[in-house]
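Fold and contact review
Below, each chain spelled out in residue letters.
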Amino acid sequence: MKTRSGASAGRPRANRSVAALAALCTAAVALPATTARAADEQGGSAAEPAAYTVAEDAREVEGTEGSTDAPDLADTGYYKDTLGPGETKHYRVDLDSEQTAHLSALAHPAAGIKLGDYDSLEVELAGTDGTSCSSDDAAFQGDTTPYPIVAYASRRIGGDSDECQQADQYLFTVTRPDESGSDPGDWPIEIRYALEPGLKGSRPAVPPKGSWSSEPPAPPSGQAKEVRGGTGMSTARPVAAGVWRDRVLPGETRYYRVPVDFGQQLFARVELPNAPKAGEESSRETVYKGFALHAYTSAGCAVVHDNFESYDGGQSAASLGLRPIDYGNRYDSEGRALSTAGFYTLAVTMSADLQQYFPEDGAAVTLRVNLRGAPEEAPDYDGDARAAGFAVTDEDRDAAREGLSADEAAGSGAMLVVGIVGIGSGVALVLGLGAWTALARRRTAVAGAGVAGGGPGGLGGPGGPQR
């Protein structure tokens with residue numbers, strides 16, 4: 001078995017005791033912006049769970065069985081392919097000797113397909129001479145419910161190892177083991193390739209032991225803000241520290257992205273409400289893998305990957321917490337993945353078996369997000385870390401407080417232009433109606449209707465996956 005660092009060992013599991021942590025335009029003009037349309041734009045409807053949304057700019061690629069003819073992933077970004085049972089596919093990347101490479105593969109089988117007992121996804125990044133840089137595997141932990149799973153590999157520059165440090169061609173391999181009972185159809189996969197700039201000066205040291213606490217802070221309280229989670233990694237909605245409310249259907253996964261800087265520690269909790277009473281209470285059964293809260297780094301690594309909680313119709317919650325983000329974590333024996341700043345993604349998954357409790361329009365879930373610590377100065381990158389996806393700005397943080405991206409927040413003010421014309425009739429014309437409509441749609445998508453690096457609960461402590 002492969003660990004999250006690529007070392008040979010049994011699949012790690014984190015300590016569960018550590019894991020348990022605790023409408024602007026529509027007000028101005030009447031536009032046909034509805035909850036149903038917002039759901040449709042995210043890839044689903046009020047009647048059925050939304051399917052996973054592949055990145056809009058994902059490029060099609062066909063990995064090869066043999067490594068000799070492996071296609072090049074020539075540019076960073078997203079790619080899409082398919083993977084059949086027992087199939088292995090190879091892809092080639094050209095790496096220099098300065099930048100750290102991050103590659104991940106996300107499998108998103110269609111809702112309702114049959115899963116084998118041990119269906120999983122495996123990845124490896126290796127040199128063309130066979131030297132392994134890192135490897136990872138991810139398995140479905142939600143019983144019979146298919147949901148997106150992610151396996152991640154990297155080529156890190158620096159540290160004590162001399163392997164995989166040179167400029168050369170490397171092979172990224174994605175495997176779907178052939179499991180008995182698995183659906184024979186292909187799984188769609190989404191590959192993400194990112195390059196983190198190198199450093200100009202000396203590398204930061206490993207954080208000293210005992211320099212941070214795993215004790216979670218009190219969850220944030222107050223009025224919840226409405227948000228509509230994305231249906232894919234690339235469409236995750238920005239959220240900041242605070243309380244958020246969304247509606248999630250059984251069999252669905254919704255994504256949210258949190259700006260997290262160096263020196264900050266992310267904590268989150270998702271709460272599932274008590275179910276409406278039904279006429280035949282006795283027909284309801286406890287769903288032991290009822291819902292989950294998972295976390296992914298800005299590099300695409302699944303640092304909290306098996307954080308399911310049971311549900312029997314009563315109020316329930318799943319929590320996670322991450323260790324502070326520090327560049328030096330990548331050279332530690334624990335929590336290596338928690339070494340990049342940027343947007344961290346939270347994923348809320350509901351088992352399809354919860355249909356018995358929420359048969360109509362899903363559950364109104366509450367997401368509580370907390371950040372401990374002030375942002376610290378980033379290491380001296382030799383390149384644009386934000387453009388590469390490994391930094392956040394004050395504008396990112398301010399926009400996330402409203403459930404917007406920085407670009408959305410910056411563009412919204414320019415659209416509020418109203419001209420008054422017409423003598424006697426008093427007709428008001430909205431200038432740039434297309435812009436108004438786009439903004440209304442975005443606001444509707446936001447509103448909707450209505451700790452790391454370790455196994456189930458995170459925090460990157462002993463027993464957690466070492467990426």
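Cut-offs used in this document
- Residues numbered from 1 in each chain as written.
- Predicted model: local features only at pLDDT ≥ 70, side-chain atom pairs only at ≥ 80, totals over all residues.
- Heavy atoms only, no water.
- Pairing = 2+ DSSP bridges.
- Helix = DSSP H or I, 4+ residues; strand = E, 2+ residues; numbered from the N terminus.
- Core = buried A, V, L, I, M, F, W, Y, C linked by side-chain atoms within 4.5 Å.
- Buried < 20%, exposed > 50% of the residue type's maximum accessible area, 1.4 Å probe, protein only.
- Contact = heavy atoms within 4.5 Å.
- Phe/Tyr/Trp six-rings, centres within 6.5 Å; stacked < 30°, edge-to-face > 60°.
- Lys NZ or Arg CZ within 6 Å of the ring centre and 35° of its normal.
- Disulfide = S-S within 2.5 Å.
- Polar contact = N/O pair within 3.5 Å; in protein donor to acceptor, adjacent residues only side chain to side chain.

Below, the discussion takes up the sheet that holds strand β14 (residues 265–272). Strand order in the open sheet formed by five strands is β10-β12-β20-β14-β18, and the pairing between neighbours is mixed. Strands with a single pairing partner mark the edges of an open sheet, and in this sheet they are β10 (225–226) and β18 (316–321). With six bridges connecting them, β14 and β18 associate as antiparallel partners. In the sheet register, Ala 268 faces β18, and the bridge partner there is Leu 320.

A word on the nonpolar core. Formed by 48 residues in total, the largest nonpolar core has its most connected members in Leu 272, Leu 293, Leu 346 and Phe 358. Listing elements by their share of this core, those giving two or more residues are β12 (242–248), β13 (253–260), β14, β15 (287–296), β16 (302–304), β18, β19 (342–350) and β20 (363–372). With sequence-adjacent residues up to four places away left out, Leu 293 is seen in contact with Ala 268, Arg 269, Val 270, Val 304, Asn 307, Ala 318, Ser 319, Leu 320, Leu 346, Ala 347, Val 348 and Leu 367. Val 93, Phe 172, Val 174 and Trp 187 belong to the second largest nonpolar core, which has 34 residues in total.

Here we come to the packing of aromatic side chains. With the rule as written, the count across this model stands at nine aromatic pairs. With a centroid separation of 6.0 Å and an interplanar angle of 85 degrees, the aromatic rings of Tyr 52 and Tyr 255 are classed as edge-to-face. One end of the pair, Tyr 52, is in the loop between α3 (35–41) and β1 (59–60); the other, Tyr 255, is in strand β13, with 203 residues separating them in the sequence. What makes Tyr 255 buried here is its relative accessible area of 1%. The rings of Phe 140, Tyr 147, Trp 187 and Phe 308 are connected pair by pair, giving a single aromatic cluster. The ring of Trp 187 carries the charged tip of Arg 176 above its face, separated from the ring centre by 3.9 Å. Over the aromatic face of Tyr 327 sits the side chain of Arg 330, whose NZ or CZ is 3.6 Å from the ring centroid.

If you walk through the whole model with that rule in mind, you get one disulfide. Here Cys 133 pairs with Cys 164 through a disulfide, and the sulfurs are 2.2 Å apart. Sign of the S-S torsion, about -95 degrees for the bond between Cys 133 and Cys 164, identifies this disulfide as left-handed. One end of the pair, Cys 133, is in strand β6 (residues 132–139); the other, Cys 164, is in the loop between β7 (149–155) and β8 (168–175), with 31 residues separating them in the sequence. In terms of burial, Cys 133 and Cys 164 fall into one category: buried.

By the secondary structure assignment, Thr 253 is in strand β13. Here Thr 253 falls in the buried class, since its relative accessible area comes to 9%. A polar side-chain atom of Thr 253 sits 2.7 Å from a polar atom in the side chain of Thr 349. Filtering out sequence-adjacent residues up to four positions away, Thr 253 remains in contact with Tyr 147, Pro 148, Gly 230, Thr 231, Ala 347, Val 348 and Thr 349.

With mixed pairing, five strands are arranged side by side in an open sheet as β1-β2-β9-β4-β7. Edge positions in the open sheet fall to β1 and β7, since each of these has one partner strand only.

So yeah, pure geometry; function would need other evidence.
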